[in-house]
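Chain by chain, the residues:
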Amino acid sequence: MTSERRFRIGVLGSGKGSNFAAIADACRAGVVPAEVVLVLSDVAEAGILEGATARGIPARFLSPGKFRTKLDEEAERAYIAALRGAGVDLVVLAGFMRVLKEGFLGAFAGRIINIHPSLLPAFPGLDAWKQALAHGVKVTGCTVHFVDAGVDSGPIIGQQTVPVLDADTPETLHQRIQTAEHALYPQCVAALARGQITVQGRRVLWRNP
Ligand code: GRF
């Protein structure tokens, strides 16, 4: 009997893990032809670790080391080793609050993706929904993109628009964007797992199934 090897996903997150949950549940439901095989967090008490454990997915806190906004060299090595040990095909950042440097990017070249809560290239960086409100845009959204050495600057895989309403507070807008994220991220992961995605320079093209 032959069984086809499933596409293996490693997830990195620092927060509550709602995007991880959306992806893991879509995998379980067979909507995404992949499996989340490892979840790593730089925050020991992060909800994403609890969510993974509750789903029976291996989950570990891995110390980020001595810096505040990136992994130090030893931590970077530990993250790479854990993901390689789990045989991941794709590294999915889901609210991971550290910038990844050359060592990590090189270890998983072209195989790291992130979700950002705005329509990039508008509003990169922190609290993008607050930036959108402050700017007064009428439409914002979320973006799934490949990760490169910049901040939220890699080639765009997919985007979903979200309206900004007059009555919005930062909380209501963020919630609406997150609902869109939970649909968009699994779709993009599924396309990658199916090999539908090709990259031509900055353009990411989707082949039909
Ligand atoms: C998401 O809103 C994502 O856009 C940003 O971090 C947040 C993570 O949320 N990169 P969660 O931990 O997946 O709920």
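Residues numbered from 1 in each chain as written. Predicted model: local features only at pLDDT ≥ 70, side-chain atom pairs only at ≥ 80, totals over all residues. Heavy atoms only, no water.

(A) View of the overall build of the chain. Within the chain one finds 6 helices and 9 strands. At 17 Å, the chain has a C-alpha radius of gyration in line with the 17 Å of a compact globule built from 209 residues. Counting the 209 residues in the chain, one finds 48% classified as buried. Sequence separation of at least 24 residues holds for 62% of the intrachain contacts in the chain that already meet a minimum separation of 6. Surface exposure of the chain reaches about 10,400 Å², of which carbon and sulfur atoms provide 54%. Averaging the positions of the 22 positive and the 19 negative side-chain charges in the chain gives two centres separated by 5 Å. (Helix = DSSP H or I, 4+ residues; strand = E, 2+ residues; numbered from the N terminus. Rg over C-alpha atoms; globule rule 2.2 N^0.38 Å. Buried < 20%, exposed > 50% of the residue type's maximum accessible area, 1.4 Å probe, protein only. Contact = heavy atoms within 4.5 Å. Areas by Shrake-Rupley, 256 points an atom, 1.4 Å probe, with all protein chains shown as cover. Lys, Arg positive; Asp, Glu negative; His and termini not counted. Charge placed at Lys NZ, Arg CZ, Asp CG, Glu CD.)

(B) Quick peek at helix α1 (residues 18–28). Most of α1 is tucked away: 9 of the 11 residues are buried. Residues S18, N19, F20, A21, A22, I23, A24, A26 and C27 constitute the buried set of α1. Buried-residue contacts for α1 involve β1 (7–12), β2 (34–41), α2 (47–54), β4 (90–93), β5 (112–116) and α6 (170–193). Phi for G30, located one or two positions after α1, is positive at around 85 degrees.

(C) Main features of the pattern of salt bridges. Considering all chains together, one arrives at 6 salt bridges under this definition. In this structure, R77 engages E73 in a salt bridge whose closest nitrogen and oxygen atoms are separated by 4.0 Å. Residue R77 and its partner E73 are located together in helix α3 (residues 73–85), separated by 4 residues, close to a single helical turn. When its relative accessible area of 53% is taken as the criterion, R77 is described as exposed. Of the charged contacts in the structure, one is a salt bridge between D127 and K130, with a shortest N-O distance of 3.6 Å. (Salt bridge = Lys/Arg side-chain N within 4 Å of Asp/Glu carboxyl O.)

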